[in-house]
Every structure is written in C-alpha cells, then in structure tokens.
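As a plain string of letters, each chain reads:
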Amino acid sequence: MKPLEKAVEAVVRVLGIDDVAVARRKAFLEFTDDDVARLRTLHEALQTQAPDFVNAFYTHLLVFEETRALLPDAQTLERLKCSQAAYFSGLTAGDYGREYIHHRLRVGVAHQRVGLAPEWYLGAYSKYLSGLLPELWPRLGGDPEAFVATCQALIKIVLLDMGLAIDTYIQADRQSMMTLKEYADIVFASIPDGLLVLSSDLTVLSANRALLDRFGFTEEAVRGRYLMEVLAADGLRGRALEVLATGGVQHDVLFSMGPADCSERKPVRVTLTGIRLAEEEEEEEEARLLLIVEDLTEEQALRAAALESERRFRDLAETAHDGIIMTDPQGKIAYFNRAAERMFGYRRHQMLGQMIGRVLPEPLFCQPDEGLQRTSVWEGQGRRRDGAIFMVEGSSSVFEGSTGRFITYVLRDLTERKQFERQLMHLANHDPLTNLPNRKFFRERLGISLDEAALNGEQLALLFLDLDRFKLINDTLGHALGDKLLLIVAERLAGCFRKGDVLARQGGDEFVVALQGLSGRQDTVLVAQKILDALAHPFQLEDHEVFVSASIGIAFHPLDAIDADNLIRCADSAMYQAKEQGLGYQFYRPELEKLSSERLTLENSLRKALERGELRLHYQPKVNLATGAVIGLEALLRWAHPARGMIPPDQFIPLAEETGLIVPIGEWVLRTACLQIKAWQGEGMPLLPVAVNLSARQFRHLSASGETEGSPSSGEAARVHDLVETIERVLRETGVDPSCLELEITESILMQNLSTAAVTLQALNAKGMRISIDDFGTGYSSLSYLKRLPIDTIKIDKSFVGDITTDPDDAAIVAAIIAMAHSLRLRVVAEGVETQEQFDFLLERGCDAMQGYFFSKPLPAEGILPLLQNAQNSVVSGNLPVIAI
C-alpha cells in the first residue's frame with residue numbers, strides 16, 4: 001500500500017469515517033436524493049459551456065505568497081490545473097459513495113502534507129462558490145425555485161467536502177501530538193539522570209527508568225504516593241516546598257538519598273525546578289515540580305580512586321631513587337621530587353615555576369602538539385646548582401592531567417656509572433700493571449691504523465718485542481720484582497716513540513708497537529736500535545742490578561701482510577728468528593704463500609659434508625654454580641670426517657665462514673638442535689633451553705642490508721625479517737617453543753653494525769627467544785651497547801677463565817665483568833671451567849653458571865639423559881659439582 005493510501009486508511013480508522021458515519025453526516029446536512037438529482041442536472045448544464053473556474057482559481061492563488069510558494073514551476077501548475085478541474089467536476093457529478101469520500105480524504109491528506117494551511121484550503125471553496133453561483137441563474141432558466149434548491153444542494157456537498165478536509169488536518173495534528181508524546185516519553189525514560197515529577201502537594205506523578213532502577217522501584221509502587229513515603233533525604237521536603245512557593249530553581253543540591261523503607265543511602269546531586277504545562281501564564285494550571293537526581297556514587301569512587309592514585313604517585317615519586325620533574329608544555333616546572341633535589345642541589349620551592357632549562361640545558365622535550373607521547377631512553381647533560389655539568393640518563397612522556405597537559409622527566413645521575421664504565425673500559429683495554437694498551441685494544445687500534453694507511457697509500461711497520469731471559473729473572477727474583485721490571489721496561493719503551501705511535505703489552509714479557517708515517521725501512525731500523533739502546537742500561541730492582549736485552553721482529557704493511565692478524569703473525573715469526581739468531585732485531589722474510597693441497601681438500605670435503613650427513617651436534621651442559629643443577633645446554637658442531645676422523649671446530653669453522661658454507665650449515669645446526677629438543681621432550685626430559693651460535697657470516701647474510709652502515713633502512717629491515725622468519729620457520733616446522741631456544745652471538749658481530757643488530761635481536765627477543773653474548777671480554781665490552789640490546793646473558797670467554805687463579809689481571813677482569821653484568825640485571829655464564837679452584841673463584845664472585853670440562857665435556861645427544869639423571873642424583877645427595885668422565 002502506498003504511503004498516501006495508508007494515511008487515508010488511518011484517518012478513516014481513527015476518526016471512524018465508515019459508511020454509517022458518512023450517512024449520518026449527510027443526514028445532518030439534509031443531503032437527499034433530490035439534492036443529488038439537482039447536482040447531476042447542474043453537472044450536465046455545466047458540461048455544455050463550463051466556466052473557466054480553474055484558470056481564474058489559480059490566477060487568484062498566484063496573487064498570495066502563501067499559496068504561490070506551492071506552485072514552483074509551470075509544469076507543476078498545469079498538472080495541478082488538470083487535477084483541480086477534475087475535483088470541481090466531481091462536486092456536481094452526483095456520485096457520493098465510498099470512493100468519493102476516500103478521494104476527498106486523499107486530496108485533504110495531500111494538501112496537508114505539502115504544507116497548505118487549513119485557512120487557505122477552505123478559502124478555495126469560497127472562491128469556487130463565488131465563481132459558480134452567478135452562473136446558476138441563467139443555466140437553470142431563471143427558475144427561482146430551481147435556483148434556490150440547486151444552491152442549497154451545492155452548499156451541502158461543499159460543506160461535506162469541507163468537513164472531510166478538516167478531518168484530515170485534525171488527524172495530522174493528533175498524530176503529531178502522539179508522536180511528540182511518544183518521543184517525550186522515550187527521552188524522559190532514557191535520560192541517564194533520575195527524573196521525578198511531583199504535584200504541588202508533593203505527590204509523585206511520574207518517574208523515569210533511571211530513577212526507578214537506581215533505587216529499586218517500580219512505576220506502580222511510586223505513582224500517586226507522597227514524596228517522603230518514597231524517598232528519604234534530609235532537607236529534601238523543605239527544598240521542594242521552597243521551589244514550589246517561589247517558582248525558582250535550586251541547582252546542584254547535595255543529599256544522601258535512599259528508599260524511605262530502608263537505611264541504605266546514596267550520595268546524589270539534585271536540581272529542583274518548577275514546571276507548568278499551560279502555554280499562557282494566565283491559564284489556570286497546577287504547578288508541578290521536577291527533580292533531576294544525579295547519582296554521585298561512581299563519581300565519588302572515581303574521585304577517591306584519583307586521590308588515592310595521586311597519593312600513591314607522590315609516595316612513589318618522593319621515595320624514588322630517580323629524579324622526577326614535571327613541567328607544563330612550555331617547560332615551566334610544576335613538580336620536583338626529593339631525588340631531583342639531591343641530584344641538582346635545589347630545594348623544591350626554589351624550582352617550582354622555573355624553566356626546565358635551568359637544570360637540563362638541552363632536554364629532549366616531548367612536544368604535545370606533534371603527537372609525541374613518549375621518548376626512548378636518552379642521555380644528556382644536567383646542571384647542578386653550583387654550575388657543575390654532569391651526565392644524566394632520562395626519558396620523558398606526555399600525559400593529560402586534570403588541569404592540562406604535563407611532561408614528566410625521569411632522570412638518573414650517570415656520574416658513578418660513567419666513572420665505572422670508564423674504569424671498566426680502561427681495565428678491559430689496558431694492562432693493569434703497565435697501564436699500556438692490552439692485546440685486544442691494540443688489535444682494534446691496529447685495524448684502524450691499517451685502514452688509514454691503505455687509504456693514504458702509506459707504509460706501516462709493526463714491531464714485536466720479547467724480553468730475553470725474563471723467565472729466569474722472574475723465577476730467581478720472584479714475581480713482584482718481575483712485575484717491577486716489566487713496569488720499568490714499559491716506561492723506557494714509552495720514551496722511544498712519537499706521539500701517535502701505539503705501544504701495547506701483548507702479554508707476559510711481550511710488547512708490540514705500530515709505527516705510522518715512516519719514510520722507509522731505515523726509519524724502522526733507527527727505532528729498533530733506539531729500543532735496544534734504551535734497554536741496554538741496567539735496571540735497579542731493590543738491591544739487584546739487572547741487565548735485560550730484547551729481541552725485535554719487524555713486519556711491514558702492505559709488503560708482508562695487509563690485515564692485522566697476519567701482520568702480527570709475521571712480526572712474531574721475525575722476532576723468533578731474531579731471538580734464535582741473537583740479532584737484536586730481524587725483518588720478516590716472506591715465503592711464497594699459497595693454499596696448501598690439504599686446505600683445498602678440506603674445503604672440498606666440507607662442501608659435501610652436509611649432504612653426506614657427516615656433521616654432528618654435541619651438547620655441553622650449563623650448570624648453576626650455586627646448586628649444581630643443569631640449567632641449559634649449548635649445541636656444539638663437530639665434523640666426523642670419514643678418513644680423518646673427528647675434526648676439531650677450530651679447523652673447519654673459519655673455513656666455513658670464509659667460503660660462506662656456514663650459512664647452510666648454520667640452518668642445519670638450528671634445525672637439528674630443535675629436532676633434538678622435540679625428541680628429548682618426547683622422552684620426558686625436563687625443558688632446558690638449548691643455545692645455538694649465530695656465526696658472523698650467517699648473521700650478515702640474513703640480517704645485514706648491504707647498504708652503508710647507519711640506522712636501519714627499509715632493505716635492512718627486510719633482511720632482518722629474513723633472519724627472524726628463518727628461525728621462526730624452523731621453530732614452527734619442528735614444533736619447538738621459542739623459549740626453549742637460546743641464540744648466542746659474539747661482541748664482534750654486534751659491533752659490525754650495531755643498529756642492525758639491535759633491530760634483529762629486538763625482533764628475536766619479541767618472539768620469546770633468549771639472547772646471549774658469547775666470548776664476552778674479547779671484543780668491545782661496553783655498557784653502551786649492553787643497555788641498548790635485549791640481552792639475557794653474557795658468557796665470559798674461556799681465555800679469561802683459564803688463568804683467574806694465577807693471573808691477577810684476568811681475575812680482576814672476570815670479577816669486574818660479573819659485577820657489571822649484575823648491575824645491568826644480566827646473568828653471567830663462565831666458559832672453560834676446568835678446575836675446582838676456578839669453580840670456587842667464580843662461586844665466590846657470584847657468577848651465575850658455568851660450563852666446561854670440570855662438569856662435562858660436550859656429549860652426543862644420547863649421552864645427555866644419563867648425564868642429567870646422574871646430575872640429579874648428585875644434587876639430591878649434596879655432591880656438587882658432578883664431574884663427567
């Protein structure tokens with residue numbers, strides 16, 4: 001059914017305009033069959049020469065703005081003229097049954113919908129009659145009786161039409177009022193605050209759903225009851241009567257309110273206002289009262305929680321070791337905790353309202369307008385009250401407070417850490433006896449010097465010096481005087497070189513020096529002779545006068561070698577030639593160096609070892625030093641050569657690195673270790689993480705971008721994804737949980753491109769894998785990278801562990817590494833533990849775990865379960881540690 005037809009049916013249904021009702025209306029108008037006959041006669045008379053009613057009618061409508069607005073264009077006007085002609089013709093057609101009635105109602109609804117006001121609609125009938133009546137007399141032959149009777153019939157049918165038109169407007173108004181009432185009821189019921197309407201005698205007239213639900217009422221239980229029988233609230237009745245009497249409004253009045261029949265009360269905020277429903281003030285209408293009740297229970301709970309949160313924050317901030325400063329977006333200080341007072345030397349009241357730049361000359365600001373909500377940890381400078389500048393570590397974040405935006409700075413004084421880091425760096429890079437650079441630091445500096453020499457096309461000489469007969473002096477006079485001799489030798493050697501030359505203690509009684517910017521071999525001879533002359537003078541060691549000579553080996557870059565390791569090897573070889581021949585100094589004499597047939601054969605065999613299944617994994621346990629419990633395993637690669645037997649890793653791993661075979665071998669190691677983990681789990685072995693080493697070539701191949709070093713690029717990020725995806729794929733295919741896998745990587749690999757390494761390790765750590773730094777102490781050993789990377793464990797290289805009970809230098813380095821790692825909340829594993837003395841030393845220094853032959857050599861997979869069972873029995877019996885044969 002069309003919408004217009006539905007509207008007509010609604011009018012007929014609501015107003016009861018059925019056949020009986022229409023008959024009653026006709027009877028009341030005394031509209032008879034004679035009237036119908038007279039109208040039909042008139043209709044026929046009008047057909048012969050119909051007056052131009054329609055054109056005159058619409059000409060009249062166009063005069064008035066109210067009706068002209070409904071005639072927007074000529075096309076609409078012509079369409080309406082045709083409809084109007086039919087309408088006028090229908091008035092006298094003589095057919096006034098149900099279809100006629102519905103047609104008239106349809107026209108009325110249409111006029112009401114387009115916005116034609118009733119007065120204009122009914123006025124159209126006046127225009128029709130005033131135009132038609134003068135035409136009746138001549139068309140009825142001047143018969144007075146016929147004229148009067150026809151006029152009466154015409155007026156009756158017009159009045160019937162007018163009544164139907166009025167019906168459509170009445171129904172429209174009634175429907176609008178009902179819609180508004182329904183809407184008002186919905187709004188009233190849906191308002192979240194409680195609403196209560198009262199009569200002038202405080203009787204409840206209505207209440208909305210929110211109020212009923214809030215106090216557990218039903219509408220039937222409250223309607224018609226006295227207010228104070230429904231709700232209890234001290235002072236509410238007096239306030240209500242006051243508003244009714246004055247006609248005013250009372251806003252935000254606080255009460256403790258609840259049902260009158262129980263003691264439970266809720267905090268509420270009430271607005272009381274008088275309401276009147278009459279449109280005119282002079283109309284008689286009973287005054288009513290509206291109560292708007294807002295439940296404050298949640299608000300008070302939130303306010304209490306906020307106060308408690310603020311109290312906890314202040315307690316935490318005031319007891320925090322870190323300095324905490326809060327500022328507004330312009331940098332004006334709004335909070336300054338006690339730690340900040342100690343850090344900068346100011347009292348809190350001195351800094352409130354001051355600019356942050358007073359204590360942080362160059363802070364890393366968060367800019368709220370730029371959308372930055374939090375910065376990573378940064379390092380910057382702080383300024384104390386006395387003007388002293390010191391280093392701070394900080395982070396800053398933006399948060400929205402009740403009074404606006406604030407920036408919070410959390411600051412830590414790095415003075416002690418930086419001092420400790422410098423000490424540790426110096427200790428790691430310098431010989432503690434002579435204070436000369438040590439072997440590691442010299443190797444690093446030599447690499448840089450070689451790069452500079454190659455870039456500038458210069459020659460570089462390396463001198464390798466060894467004291468003659470030092471062991472005899474050390475054994476005869478004792479280690480104390482031997483150390484004193486080494487110290488004096490270092491002082492004399494330091495006076496033999498230019499600024500920029502690098503002198504270092506290689507170890508024991510060996511020293512090395514790199515000489516740059518030489519004009520020829522003769523310059524090196526002069527330096528070597530100067531060294532020999534300096535050592536020719538006697539050394540006074542307490543009551544002993546000692547004479548010491550030295551043997552010096554000399555090698556040149558690029559003549560003898562182009563890389564640091566080979567250059568040192570060449571100079572070392574020349575030194576032994578000089579010592580054997582007693583020459584004082586000797587230049588390296590290179591021989592033709594080619595890859596031996598053995599090396600070529602080994603490389604070819606290695607290429608086939610993977611596909612032939614000759615590679616093996618052995619597993620060495622990691623043991624908790626304090627409890628003796630096995631806490632993990634390290635997978636170690638072995639090569640079972642069919643002809644040469646078991647080949648040690650140090651003979652084929654470097655070759656695999658150099659040729660790139662380490663990449664597929666590395667993935668094989670990863671997959672084999674994961675499959676073994678799964679097999680052990682099936683055998684009921686406890687879940688122990690298994691460590692797998694990532695080689696330098698493997699790491700570069702899968703995670704380096706091939707672009708220039710710096711921050712990770714898009715290509716670099718893609719390669720990082722390759723490494724993470726490869727490891728994830730192996731874990732997924734083998735069904736091993738990432739937490740069972742530990743990845744070990746050396747310092748030297750990290751430092752080749754720290755930014756890429758950081759991204760890679762962050763991604764691996766996020767997947768649940770543990771990260772360890774292998775051979776710690778042989779590389780950079782810097783706090784600066786340790787704190788940037790998601791590292792769980794550092795492993796002290798066995799080169800330090802081997803002599804910790806005999807070499808004070810190694811002992812000091814190991815103790816410092818353990819202390820540093822624990823300060824950074826890192827676990828420490830010592831490698832290469834072989835003796836009870838080493839075990840005891842590490843246990844005393846708080847080392848977390850160890851691995852080495854003292855507990856067990858690396859074992860094939862089938863030997864691990866028996867070992868664990870033996871270790872468990874020994875732990876239970878209190879025998880620590882367990883030594884595997």
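These numbers come from a predicted model, not from an experiment.

So what exactly am I meant to see when it comes to the overall build of the protein here?
Scanning the protein for helices and strands turns up 34 helices and 28 strands. Within the span of the protein, comprising 885 residues, buried residues form 45% of the whole. Of the contacts made within the protein by residues no fewer than 6 positions apart, 61% connect residues no fewer than 24 positions apart. Total accessible area on the protein is roughly 45500 Å²; 53% of this is exposed by carbon and sulfur atoms.

Even after reading the chapter, I still don't get the side chain of Gln577, so can you show me in this structure?
Here Gln577 is to be found in helix H22 (residues 564-581). Using a relative accessible area of 16% as the deciding quantity, one classes Gln577 as buried. When sequence neighbours within four positions are dropped, the list of residues in contact with Gln577 reads Gln586, Phe587 and Arg589.

What is the right way to look at the environment of Ser256 in this model?
Mapping Ser256 onto the fold places it in strand E4 (residues 249-259). Sequence separation between Ser256 and Gly235 is 21 residues, and the spatial gap between their C-alpha atoms is 9.9 Å. Not counting residues up to four positions away in its chain, the partners in contact with Ser256 are Ala232, Ala233, Arg265 and Lys266.

Would you take a moment to explain the environment of Gln836 for this structure?
Along the chain, Gln836 turns up in helix H33 (residues 836-844). Judged by relative accessible area, which is 35%, Gln836 ranks as partly exposed. Gln836 sits 18 residues away from Phe854 along the chain, and the two C-alpha atoms are 7.5 Å apart.

Teacher, can you tell me more about helix H32 (residues 808-823) here?
Counting along an α-helix, one turn takes 3.6 residues, and residues three or four places apart therefore face a common direction. Taking 1.5 Å as the rise per residue, H32 with 16 residues should run 22 Å; its terminal C-alpha atoms sit 22 Å apart, in good agreement. Among the residues of H32, those classed as buried are Asp810, Ala811, Ile813, Val814, Ala816, Ile817, Ile818, Met820 and Ala821. You can read the cap of H32 off the contacts: a side-chain oxygen lies 2.8 Å from the backbone nitrogen of Asp809, and it is on Asp807. One or two positions beyond H32, positive phi appears at Arg825, with a value near 60°.

Help me out: how do you make sense of the side chain of Glu742 in this one?
Position of Glu742 relative to the elements: it lies in strand E23 (residues 741-746). Reaching out from Glu742, the side chain makes a polar contact with the side chain of Lys622 at a distance of 3.4 Å. Residues contacting Glu742, with those up to four places away along its chain left out, are Lys622, Val690, Ala691, Val692, Arg770, Ser772 and Thr793.

Help me understand the packing of helix H4 (residues 53-61) against helix H6 (residues 74-91) in this model?
Pairs of packed helices are described in terms of their axes, by the angle between the two and the distance that separates them. Viewed as axis vectors pointing N to C, H4 and H6 meet at an angle of 125°, and their least axial separation amounts to 9 Å. Taken together, the axis directions place H4 and H6 in an arrangement best described as oblique. Read as a crossing pair, H4 and H6 show a hand that is right-handed. Facing Phe53, Val54, Asn55, Phe57 and Tyr58 of H4, the residues of H6 in contact are Leu77, Leu80, Lys81, Gln84, Ala85 and Phe88. Its residues assigned to classes, the contact of H4 with H6 shows 8 nonpolar, 2 polar and 1 charged.

What's the story with the sheet that holds strand E5 (residues 266-275) in this structure? I'm lost.
Backbone-to-backbone hydrogen bonds join strands into a sheet, with any given pair of strands oriented parallel or antiparallel. Spatial strand order, E2-E1-E6-E5-E4-E3: 6 strands in an open sheet with antiparallel pairing. The open sheet has two edge strands, strand E2 (204-207) and strand E3 (231-232), and neither has a second partner. Two strands pair when backbone bridges link them, and E4 and E5 are joined in this way by 7 bridges, in the antiparallel orientation. Along E5, the bridge assignment pairs Ser256 with Pro267.

Explain the packing of helix H19 (residues 470-477) against helix H20 (residues 479-494) to me, please; I cannot follow it from the model alone.
Contact pair H19 / H20: the axes reach a minimum separation of 6 Å and the direction vectors enclose 140°. Our classification of the angle between H19 and H20 gives oblique. Along the contact surface, H19 presents Phe470, Ile473, Asn474 and Leu477, while H20 presents His479, Leu481, Gly482, Leu485 and Leu486. Residue composition of the contact of H19 with H20, by class: 6 nonpolar, 3 polar and no charged.

Looking at this model, I keep getting lost on helix H17 (residues 415-429). Mind explaining?
Across its 15 residues, H17 extends 21 Å between first and last C-alpha, which sits within 8% of the 21 Å expected from 1.5 Å per residue. Regarding H17, the residues found buried are Lys418, Glu421, Leu424, Ala428 and Asn429. Buried residues in H17, looked at end-on, bunch into an arc of 125°, giving them a common side. Turned more than 90 degrees away from the buried face of H17 sit Glu416 and Arg422, all of them exposed.

Please explain the packing of aromatic side chains as it appears in this structure.
Aromatic ring pairs: the centre-centre distance and the angle between the two ring planes describe each pair. Scanning the entire structure with this criterion turns up 11 aromatic pairs. A ring pair is formed by Phe31 and Tyr96, whose centres lie 5.5 Å apart and whose planes are at 80°; its orientation type is edge-to-face. With Phe31 in the loop between helix H2 (19-28) and helix H3 (33-48) and Tyr96 in the loop between H6 and helix H7 (98-114), the pair connects residues that are 65 residues apart, well separated along the chain. We classify Phe31 as buried; its relative accessible area is 11%. An angle of 25° between the planes, with centres 6.1 Å apart, marks the rings of Phe215 and Phe217 as stacked. The class for Phe215 is buried, based on a relative accessible area of 8%. A residue is classified by how much of its surface remains accessible, and Phe217, at 17% relative accessible area, is buried. Every member of this aromatic cluster is reached through a ring pair, and the members are Phe31, Tyr96 and Tyr100.

How should the pattern of salt bridges be read in this particular structure?
Side-chain pairs of opposite charge can arise where the charged atoms are in close proximity. Counted under the stated rule, the structure contains 34 salt bridges. Where Arg338 meets Glu318, a salt bridge forms, and the shortest distance between an N and an O atom there is 3.2 Å. Taken together, the residues Arg338 in helix H15 (residues 338-344) and Glu318 in helix H14 (residues 297-319) connect sequence positions 20 residues apart. On the accessibility criterion, Glu318 (13% relative accessible area) is buried. Taken together, the shared-partner salt bridges in this structure form one network comprising Lys622, Glu634, Glu742, Glu744, Lys795 and Glu831.

What is the right way to look at the nonpolar core in this model?
In globular proteins that are soluble, nonpolar side chains generally tend to be buried together. Membership of the largest hydrophobic core comes to 88 residues, with the highest contact counts inside it found for Ile794 and Leu842. Residue contacts for Leu842: discarding those within four places in its chain leaves Leu625, Val801, Ile804, Val814, Ile818, Ala830, Val833 and Cys847. Counting residues in hydrophobic clusters, the runner-up holds 46 residues, among them Phe57, Tyr100, Val107 and Tyr128.

Explanation requested: the sheet that holds strand E14 (residues 510-516) in the structure shown.
Across the sheet, 5 strands lie side by side as E13-E14-E12-E17-E18; this open sheet has mixed pairing. Each edge of the open sheet carries a strand with a single partner, namely strand E13 (502-507) and strand E18 (585-587). The sheet shows a mean angle of 20° between the axes of neighbouring strands, direction not considered. As paired strands, strand E12 (residues 460-467) and E14 are joined by 7 bridges and run antiparallel to one another. Its bridge partner lying in E14, Ala461 is registered against Leu515. Each of E12, E13, E14 and strand E17 (550-557) is contacted by helix H18 (residues 439-456), which is oriented at about 20° to E14, the strand it contacts most.

Please explain the environment of His111 as it appears in this structure.
With respect to the helices and strands, the residue His111 is situated in helix H7. As a C-alpha pair, His111 and Ala165 span 54 residues in sequence and 9.0 Å in three-dimensional space. Setting aside residues no more than four positions away along its own chain, His111 makes contact with Leu116, Tyr121 and Tyr169.

Explain unusual backbone geometry to me, please; I cannot follow it from the model alone.
Glycine aside, residues mostly have negative phi angles, and peptide bonds mostly take the trans form. With an omega of 5°, the peptide bond between His557 and Pro558 qualifies as cis. With respect to the element layout, Pro558 can be found in the loop between E17 and H22. The residue Asp775 is not glycine, and still its phi comes out positive at about 55°. When you line up the elements, Asp775 lands in strand E24 (residues 770-776). Taking the relative accessible area as the measure of exposure, Asp775 reaches 24% and is therefore partly exposed. Backbone geometry places Arg825, a non-glycine residue, at a positive phi of 60°. Take Arg825: it is sitting in the loop between H32 and strand E26 (827-831).

What should I look at first to understand the confidence of the model for the protein in this one?
Caution applies to low-pLDDT parts of the model: their predicted coordinates are not meant to be read in detail. On average, the protein scores 83 in pLDDT, and the residues at 70 or more come to 88%. Averaged pLDDT values over the elements of the protein bottom out at 62 in helix H26 (residues 696-703) and peak at 96 in strand E27 (residues 849-851). Taken as a whole, residues 278-283 scores under 50 in pLDDT and shows 4 contacts with residues more than four places along the chain or in a different chain. Between residues 703-719, whose pLDDT stays under 50, and residues either more than four places distant or in other chains, the model counts 29 contacts.

Conventions and cut-offs
Position numbers for residues start from 1 in each chain and track the written sequence from start to end. Only residues with pLDDT of at least 70 get local features here, since the model is predicted, and only at 80 or more are side-chain atom pairs given and counted; chain-wide, interface and lining totals rely on the full set of residues. With hydrogens and water excluded, all non-hydrogen atoms of the structure serve as input to the side-chain values. Strands are runs of DSSP state E lasting at least two residues, helices are runs of H or I lasting at least four, and both sets are numbered from the N terminus onward. Only protein chains enter the accessibility calculation, which uses a 1.4 Å probe; a residue whose area is less than 20% of its type maximum is buried, one above 50% is exposed, and one in between is partly exposed. By definition, residues are in contact when any of their heavy atoms lie within 4.5 Å. Shrake-Rupley sampling with a 1.4 Å probe provides the accessible areas, and residues are treated as covered by the protein chains on show and by no other component. Helix span is expected to be 1.5 Å times the residue number reduced by one. For the purposes of these results, a polar contact is taken to be a pair of N or O atoms within 3.5 Å, where, inside protein, one atom must be able to donate a hydrogen and its partner to accept one; residues adjacent in sequence count only when each atom of the pair is a side-chain atom. Angles here are taken between N-to-C directions and fall from 0 to 180 degrees, while the axes themselves are lines fitted to C-alpha atoms, restricted in helices to the stretch in contact. Any angle between 65 and 115 degrees counts as roughly perpendicular, while under 35 counts as roughly parallel, over 145 as roughly antiparallel, and the rest as oblique. The sense of a crossing depends on the near helix, which, turned anticlockwise from the far helix by less than a right angle, makes the crossing left-handed and, turned clockwise, makes it right-handed. Amino acid classes used here: Ala, Val, Leu, Ile, Met, Phe, Trp, Tyr, Cys and Pro are nonpolar; Asp, Glu, Lys and Arg are charged; the rest, including Gly, are polar. DSSP calls a pair of strands paired once it identifies at least 2 bridges connecting them. Think of the arc as the fan of directions from the helix axis to the C-beta atoms. For Phe, Tyr and Trp, where Trp contributes only its six-membered ring, two rings pair if their centres lie within 6.5 Å, and the inter-plane angle classes them as stacked under 30 degrees, edge-to-face over 60, or tilted in between. Salt bridges are identified by distance alone: a Lys or Arg side-chain nitrogen within 4 Å of an Asp or Glu carboxyl oxygen. Among buried residues, those of type Ala, Val, Leu, Ile, Met, Phe, Trp, Tyr and Cys that are joined through side-chain atoms within 4.5 Å constitute a nonpolar core. A residue's pLDDT is the predictor's confidence in that residue, given on a scale from 0 to 100.

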